[in-house]
Amino acid sequence: MQLTGTEAQKERVAGIGRRLGLPMRDVTPATWRRFVAIFAVGAFGFLFGLLSLMLLIDPFDTGRSPIRLKEGVPQQGPRTANVSRGRDPAFDSAIIGNSRVQMIDPAVLTAGTGIPFVALVVQGGLPKELLTTWDWFMAHRQKPPKAMVLGIDGVWCSDDLSKQANPFPYWLYSLSTLDYLQGLFRSSSLSGLRNYFSYVIGQRPQAPRNGFWNYESVYGVGTPEQLAHMRGELDKPQGTADVNLGTDFPAARAIAERLAALPADTTVVLVRPPVYITGMPEQGTPAAAAEPVCRDIFAKLAEERPNTHIVDWRLDRPENRDPGNFFDHTHYRRSLAERLEAEIVAIIDGKRAAQP
Amino acid sequence: MLFNSYAFLLVFLPAALALHALVERFQPSWRLPLLLVLSILFYGYWDWRFIPLIILSIVINWAIATLFASTRRESLIVIAITANLFVLALFKYADFFAGLANMLPGVSIPMLSLALPLGISFFTFHHVMYLTDLRAGKTKPFDLVRYGLYIAFFPQVLAGPLVRWSEIMHQFDERPYQRSDAAERFARGIMLLIVGLAKKVLIGDQLAVNVNPVFAAAELGSVTVAQAWQGTLSFTFQIYFDFSGYTDMALGIALMFGVVLPQNFDTPYRALSLQDFWRRWHMTLSRFLRDYLYIALGGNRHGLALQLLALFATMTLGGLWHGAGMTFVAWGVAHGVGLGVCVLWRRAGLSMHPIIGWFLTFLFVVLTWVLFRAESFQGALNIYEGLLGLAPLGSGFKWRAIAWAAVFAMIGPTAWALVHKPQPHPLLAVALAVMFIVLLLKIGDSESYEFIYFQF
């Protein structure tokens, strides 16, 4: 065969052959045809074999396989683990949000209301990811949920619903098999497969079924010096990055659409999580002007649907001025989470009227 | 359609190969129309609205070439080339020149903000090469299908290589799968495709992770010495593996359809002089610039001063061709000046030790890539300050990917040399199959970076 090339290239190739002194096999067109056939069969065989194995094993427990080797999934990040949790029939109600509602313990809500709650929390999650999680949970319910708790923090006020801070595996949450297959075909799926096999044989622990993760274990109380540093940081105003001074609140619209699809007897609690006082917009800033506008949007949304309540702790209240309740401006301790839990339970039990 | 996409590798290419094989076997007269239709589909996959543009571009240029053949009116060719360059300028440079003009007091030209049709720089140059040669009597008119295929043949339409009509037209008339070496060509085409994909995915894209944050940071402020060198060296190898990987894939895909495209890279980072570098880097562009611009501007036939001027103008325009921005112009200017210095050095009869020659050439190329990659002069300046040690030292220099890339780029072998030698052993076929699937898995893993040369 002759390929084009410079004389220097041709000479170099010839030189390589001479130096290596490779024995020439008896090469015929048939041997090349066989070579191509082996490649084609090998590549497509490997491709379909791998995809078939991953579809059959279903390492992320998406429910697409007729077989199940073991309930649940191995310990992993919530973005992938929530796929299994979201379709777990043991739960019929959910807490959905980012790390600002991570501290709300679903077991406490379950104990207080008698309704089995799962936490589908995506740390660093923005509305697009959380709405996807909501849709996945709803798509896998035999009956409508009894209650839904949704964490509405500052990011829900943005005018851009497409914003993305961290990678999110939308393909795992897709109801389209083609999207799923395309997404599944990545080397991280192989890691998922390996982890799942380790889990099946008992070498990896199971991811918590109800999704609760107490981040006090990460922050810890720390040494007095660390505590002093933490409090020093809390005293610094945080500022607000995303200020929507317009009139378009697409995330609120998206929630309204989803709430409209729920039966009236499903209780919905929209939680505006606590923020340490220096994390609130400073008076006189555009962020401060935007704050009540966004609050009113969600308040109106709650007014318009029966059985929809707002738990608003994003206010200047004594608890939000106590540095002992916070790790940083937006991450609060269990002490405050317990107050929130009590309020949510009271609402679901009908013991507390909707706040204005 | 990207070569490194599932849509291309798992759907378009297998389907196109199967159709092509069937037609070649049972209805050979349909082969070229089929390839043309496939090429238009491939081109339009990205954005179907560009399909009329490429079809019009082909039909109008073909019609003018046909008319010229019967009338021999040279003005037709001049008008056609001018029109081609005007279309290129409209889409690619209108806003650039408007921006320059708006810097003058009292001038306010509105921006057009036209979407840049993919590959327009490449197919415009194909038209120019053909029309120029037609005018010079070096070629003849071809039928519409052959001409269309010369312009739009999908392995090369988006990012080259820049193919001369004389390199490809005769191949269209062959029965490629009737050749005695057809299966070998096909097999080596597969090898080139996989090696090119590996260069892009395993090396180029990995380096992009080292590059993008550094140049983004440089646009916002200063970067450390470690960051500047990491970003610059990484980009030096990223652009090589990205573009040469694309070319290898293009060559491999074309070979699977029985067409041999010209080489485009020959271990450029082993160059011992700047002239040598341009003989090894984007070789088909270099020879285009030489034959259709440098020589047309006088070349080396009218004295040293004109030669230097022609060289300078050629490289400056070459820089502008790469992108509608002053940083690209500055990159071209730097290479024009560099090549001019090389000419003067040779004319003076001076010599240089090859190792020093290699070092200076490599350093020059590395430093000028900063202008090529930076989005503004301020961004480039911030990188240069880091490179020259005028910034904090920093830490965390990610050297591993750079070191591997340097070894592959400088020691080689080239993909062409690599795939030329292997014998058709079954184990090699299995290994390639596994490699192919591993590469597909890697593509799925990360965001699939577009090929750098797509924007030019």
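Up top is the structure.
Predicted model only: the values in this text are computed from it and were never measured.

Draft legend 1. Expanded view of the overall build of chain A. The secondary structure content of chain A amounts to 13 helices and five strands. Taken over 356 residues, chain A has a buried fraction of 49%. Contacts spanning at least 24 positions in sequence make up 79% of the contacts within chain A whose residues lie at least 6 apart. For chain A, the exposed surface amounts to about 16700 Å²; the carbon and sulfur share of it is 58%.

Draft legend 2. Summary view of the packing of helix α3 (residues 51-71) of chain B against helix α5 (residues 120-135) of chain B. Residue and element names in this part refer to chain B. Between α3 and α5, the shortest axis-to-axis distance is 11 Å and the interhelical angle comes to 5 degrees. One way to sum up the angle between α3 and α5 is to call them roughly parallel. In contact with L53, I54, S57, I58, N61, A65 and F68 of α3, α5 contributes I120, F123, H127, Y130, L131, L134 and R135. Looking at the contact of α3 with α5, its residues break down into ten nonpolar, three polar and one charged.

Draft legend 3. The environment of A:K143, seen in detail. Residues and elements named next belong to chain A. Structurally, the position occupied by K143 is in the loop between α5 (127-139) and β3 (147-151). Classification of K143 as exposed rests on a relative accessible area of 65%. A C-alpha to C-alpha distance of 10.0 Å links K143 and P89, two positions 54 residues apart in sequence.

Draft legend 4. How the structure looks around the pairing of β3(A). All names here are of chain A. For β3, the buried fraction is high: five of the five residues fall into the buried class. Burial along β3 is two-sided: the face carrying A147, V149 and G151 and the face carrying M148 and L150 are both buried. Of the strand pairs in this sheet, strand β1 (residues 93-97) and β3 are connected by three bridges, and their pairing is parallel. Bridging across to β3, I95 finds its partner in V149. Where β3 meets strand β4 (residues 267-272), five bridges bridge the pair, whose relative direction is parallel.

Draft legend 5. Main features of the sheet that holds strand β2 (residues 117-121) of chain A. All names here are of chain A. Read across the sheet, five strands follow the order β2-β1-β3-β4-β5 without closing on themselves; strand pairing throughout is parallel. Both edges of this open sheet fall to β2 and β5 (308-312), since each of them pairs with a single strand only. Pairwise comparison of adjacent strand axes, ignoring direction, gives a mean angle of 15 degrees for this sheet. Relative to β5, helix α12 (residues 286-304) is tilted by about 150 degrees, and along the sheet it contacts β4 and β5.

Draft legend 6. How the structure looks around the packing of helix α9 (residues 225-256) of chain B against helix α16 (residues 400-411) of chain B. Residue and element names in this part refer to chain B. With their axes 10 Å apart at the nearest point, α9 and α16 run at an angle of 40 degrees to one another. In terms of axis orientation, α9 runs oblique to α16. Pair α9 / α16 crosses with left-handed handedness. Contact residues: α9 offers Q230, L233, S234, F237, Y240 and F241, while α16 offers I402, A405, A406, F408, A409 and M410.

Draft legend 7. Region of the structure containing the pattern of salt bridges. Overall, the coordinates contain 35 salt bridges over all chains when judged by the stated rule. Linking B:E74 and B:R135 is a salt bridge whose minimum nitrogen-to-oxygen distance equals 3.2 Å. Of this pair, B:E74 sits in helix α4 (residues 74-102) while B:R135 sits in helix α5, and the two are 61 residues apart along the sequence. Assessed through its relative accessible area of 41%, B:E74 is described here as partly exposed. Given the relative accessible area of 38%, B:R135 is considered partly exposed. Taken together, the shared-partner salt bridges connect A:R272, A:E291, A:R295, A:D312 and A:R314 into one network.

Draft legend 8. Here's a closer look at the state of the cysteines. All names here are of chain A. Within the structure shown, the criterion is met by one disulfide over all chains. A sulfur-sulfur distance of 1.9 Å marks the disulfide that ties C157 to C294. Residues C157 and C294 are joined through a disulfide that is left-handed, its torsion about the S-S bond being -85 degrees. Taken together, the positions of C157 in the loop between β3 and α6 (170-173) and C294 in helix α12 put the pair 137 residues apart, joining distant regions of the chain. Like C294, C157 is buried.

Draft legend 9. Layout of helix α13 (residues 334-348) of chain A. All names here are of chain A. Under the 1.5 Å per step criterion, the end-to-end length of α13 is 20 Å for 15 residues, consistent within 8% with the ideal 21 Å. Taken across its 15 residues, α13 has eleven buried, putting it largely inside the fold. Here α13 has its buried residues at R334, L336, A337, L340, E341, E343, I344, V345, A346, I347 and I348. The elements touched by buried residues of α13 are α4 (106-113), β2, β3, α9 (216-219), β4 and β5. After α13 finishes, the residue G350 shows a positive phi value of roughly 75 degrees.

Draft legend 10. Quick peek at a nonpolar patch on the surface. All names here are of chain B. Together, W345, L350, M352, I356, F359, L360 and L363 make up a nonpolar patch on the protein surface, roughly 620 Å² of accessible area in all. Element by element, the count of residues in the nonpolar patch is highest for helix α14 (residues 354-373), at four residues. Inspection of the secondary structure assignment puts F359 in helix α14.

Draft legend 11. Representation of the interface of chain A and chain B. Each partner contributes to the interface: chain A provides 36 residues, whereas chain B provides 46 residues. Across the interface of chain A and chain B, roughly 3800 Å² is buried in total on both sides, 75% from carbon and sulfur atoms. Taken together, the links from chain A to chain B amount to zero salt bridges. At the boundary of chain A and chain B, one finds three residue pairs in polar contact (both at pLDDT 80 or more). For the side of chain A that touches chain B, a count of residues per class yields 20 nonpolar, eleven polar and five charged.

About the cut-offs
- Residues numbered from 1 in each chain as written.
- Chains lettered and ligands numbered in written order.
- Predicted model: local features only at pLDDT ≥ 70, side-chain atom pairs only at ≥ 80, totals over all residues.
- Heavy atoms only, no water.
- Helix = DSSP H or I, 4+ residues; strand = E, 2+ residues; numbered from the N terminus.
- Buried < 20%, exposed > 50% of the residue type's maximum accessible area, 1.4 Å probe, protein only.
- Contact = heavy atoms within 4.5 Å.
- Areas by Shrake-Rupley, 256 points an atom, 1.4 Å probe, with all protein chains shown as cover.
- Axes fitted to C-alpha atoms, helices over the stretch in contact; angles between N-to-C directions.
- Parallel < 35°, antiparallel > 145°, perpendicular 65-115°, else oblique.
- Nonpolar A, V, L, I, M, F, W, Y, C, P; charged D, E, K, R; others polar.
- Pairing = 2+ DSSP bridges.
- Left-handed = near helix turned anticlockwise from the far one by under 90°.
- Salt bridge = Lys/Arg side-chain N within 4 Å of Asp/Glu carboxyl O.
- Disulfide = S-S within 2.5 Å.
- Expected span 1.5 Å × (residues − 1).
- Patch = residues over 30% accessible without salt bridge, like charges linked within 9 Å, V, L, I, M, F, W, Y side chains within 5 Å.
- Buried area = accessible area lost by both parts, 1.4 Å probe.
- Polar contact = N/O pair within 3.5 Å; in protein donor to acceptor, adjacent residues only side chain to side chain.

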